[in-house]
Every structure is written in C-alpha cells, then in structure tokens.
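# Remarks on the overall topology
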Amino acid sequence: MRIITGKLKGRKLSVPENVELRPTSDRAKEGIFNVIQARRYIEDAVVLDLFSGTGNLGFEAISRGARSAVMVDVSPVAIKHIEKSASTFGVTNQITAITMDAEAFLKKNSGKFDLIFCDPPYDHPFIPESIDIILNEGWLDEGGWYILEHDVRHLFHNHPNCVFTKPYGRTIVSIFLHKESEE
C-alpha cells in the first residue's frame, strides 16, 4: 500500500503484524479520492476514519491537504501502528488515533466532519445503522460526505442520501450526503 498523491506521495503504509485487516486496495482508494476531488475540496477538510486499520484513507486525505484526521480502530496494535506511521510521515500534529470500537465511538462522542470514511468488516452488523447515525446525529458538517465501503450483502443505491455507488472488485463504495445537503 502506498500514498497515491500529495505531500506524502509514494510513502508506503505497512500492515501491522498479528492483526486481521482488509486494507482498502490502491485501486478502490484511487477511485474514492478521484470522486472526492472531482466534486468537492479536500483542502482543509476535517476527516474521521472509522475502522481505520492502517490509517490508509486518513493518511491519503492528509496527504491531499486535509487539515486533520481522527482515526478510530478497536485494535490497540493498529492504533499504535497508525501513531508510528504518523510520526514517520511527520504528521503527528494532524492525526488523533483512538482505540475504540467504531459504534461505541459514535455513541459516546460528538463532532463535525467534512469527510467520514468507514471501512468495516463486510459482515459487520453495524453497517446499515452507521448510515442513520452519521446522517441523522450531527456527525457531518453541512455538505459533508459519508463514504462507506461494503460488499454485495449491503446495497444502498436506493437510499435517499446515496449519491454515488460503484464496485471496485469485491468492494463497493457508496457515498452519502448530509441530509441538509439534498437539493
């Protein structure tokens, strides 16, 4: 895995040992960021990366000009790895790494984000509920995007807030806009 473009372009992200992760492929990540850059600004965005694993999506956003990224993962090993990568890349001042289950994080915290990435295990029961929580409980700033990775067990193209869905191999990316952004 590598950072595709921006100030960290070409930097490699490793996968921590002894942790089960399914990092976003470079192909899917490039597709996600192409859609974002074609339709909105990343510059100065505040990002939340749920089920962050290696921090792949959060680091890519930072590389492309995001102001900050909060990375949440239940694995302490993954979070330590993210902190180490942030230090290696010289972006520790832009990263907040939190060891917590994503569902618990959303229920116990609050915040406003421009972009929220969520790449859960595809069989995670929280996937449908996460959409309602993110869209209806104040997590997205006006015009904010919720970018969810899932597989064919969950299809959201008919959801009223889903504005984009596209498969990248086994991964399907769906993008949801904040309810007040609909027009």
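These lines cover the structure that appears in this document, whether it is placed above or below. Just so it is clear, the structure is predicted and the values come from calculations on it, not from any experiment. (Residues numbered from 1 in each chain as written. Predicted model: local features only at pLDDT ≥ 70, side-chain atom pairs only at ≥ 80, totals over all residues. Heavy atoms only, no water.)

Counting secondary structure elements, the protein chain contains five helices and seven strands. In the protein chain, the succession of α and β elements from N to C terminus is α-β-α-β-α-β-α-β-α-β-β-β. Taken over the C-alpha trace, the protein chain has a radius of gyration of 15 Å; the compact-globule value for 183 residues is 16 Å, and the two agree within 12%. Dimensions along the principal axes, computed over C-alpha positions, put the protein chain at roughly 40 × 35 × 30 Å. (Helix = DSSP H or I, 4+ residues; strand = E, 2+ residues; numbered from the N terminus. Rg over C-alpha atoms; globule rule 2.2 N^0.38 Å.)

The next thing to look at is the nonpolar core. Judged by nonpolar contacts, the single largest core of 34 residues is most densely connected at I36, F59, I95, F117 and I147. Considering each element in turn, this core owes the most residues, five residues, to helix 1 (residues 26-39). With sequence-adjacent residues up to four places away left out, F117 is seen in contact with I32, F33, I36, V47, L48, D49, L50, L57, A61 and I147. Within the second largest apolar cluster, 25 residues are counted, among which are F105, I116, I133 and F156. (Core = buried A, V, L, I, M, F, W, Y, C linked by side-chain atoms within 4.5 Å. Buried < 20%, exposed > 50% of the residue type's maximum accessible area, 1.4 Å probe, protein only. Contact = heavy atoms within 4.5 Å.)

Further remarks concern the sheet that holds strand 4 (residues 113-118). Here we have seven strands laid out as an open sheet, ordered 3-2-1-4-5-7-6, and mixed in their pairing. Each of the sheet's edge strands pairs with one partner strand only, and the pair in question is strand 3 (95-99) and strand 6 (162-168). Between one strand axis and the next, the sheet turns through 15 degrees on average, direction left out of account. Packing of helix 3 (residues 76-89) onto the sheet brings it into contact with strand 2 (68-73) and strand 3, and relative to strand 3 it is tilted by some 165 degrees. (Pairing = 2+ DSSP bridges. Axes fitted to C-alpha atoms, helices over the stretch in contact; angles between N-to-C directions.)

So, about helix 2 (residues 56-63). Along an α-helix, a turn takes 3.6 residues, which lines up residues three or four apart on a common side. Helix 2 sits mainly inside the fold: eight of its eight residues count as buried. Every buried residue of helix 2 is accounted for by N56, L57, G58, F59, E60, A61, I62 and S63. Residue G65 follows helix 2 closely and has a positive phi angle near 115 degrees.

With that settled, the discussion passes to the pattern of salt bridges. This structure, assessed with the given rule, holds seven salt bridges. As a salt-bridge pair, D44 and R67 come within 3.1 Å of each other at their nearest N and O atoms. In this pair, D44 sits in the loop between helix 1 and strand 1 (46-50) while R67 sits in the loop between helix 2 and strand 2, placing the two residues 23 residues apart along the sequence. Since its relative accessible area comes to 45%, R67 is described here as partly exposed. (Salt bridge = Lys/Arg side-chain N within 4 Å of Asp/Glu carboxyl O.)

Across the five residues of strand 1, five count as buried, placing the element largely inside the fold. Alternating positions in strand 1 separate into two faces, V46, L48 and L50 on one and V47 and D49 on the other, with burial throughout. Between the parallel pair strand 1 and strand 2, the chain is carried across by helix 2, and the sense of this crossover is right-handed. Pairing of strand 1 with strand 4 involves four bridges; the strand directions are parallel. Across the sheet, L48 pairs through a bridge with I116, a residue of strand 4. (Right-handed = clockwise from strand over helix to strand, strands pointing away.)

The next subject is the packing of helix 1 against helix 2. Following both chains from N to C, one finds helix 1 and helix 2 inclined at 45 degrees, their axes separated by 11 Å at the closest point. With respect to helix 2, the element helix 1 is oriented oblique. The chirality of how helix 1 crosses helix 2 is right-handed. On the side of helix 1, the interface is formed by K29, I32 and F33, while helix 2 contributes N56, L57, E60 and A61. (Parallel < 35°, antiparallel > 145°, perpendicular 65-115°, else oblique. Left-handed = near helix turned anticlockwise from the far one by under 90°.)

Attention now goes to the packing of aromatic side chains. The geometry of an aromatic ring pair is captured by two quantities: the separation of the ring centres and the angle between the planes. What the rule picks out here adds up to six aromatic pairs. Between F156 and F176, the aromatic rings sit 5.8 Å apart at their centres with planes inclined by 70 degrees, giving edge-to-face as the arrangement. Remark: F176 occurs in strand 7 (residues 171-177) and F156 occurs in the loop between strand 5 (140-150) and strand 6; sequence separation between them is 20 residues. We note that F156, like F176, is buried. One aromatic cluster is present, built from ring pairs that chain together F105, F113 and W139. (Phe/Tyr/Trp six-rings, centres within 6.5 Å; stacked < 30°, edge-to-face > 60°.)

We now examine the state of the cysteines. One pass over the structure, following the stated rule, counts zero disulfides. For the unlinked cysteine C118, the closest cysteine sulfur is that of C162, found at 14 Å. (Disulfide = S-S within 2.5 Å.)

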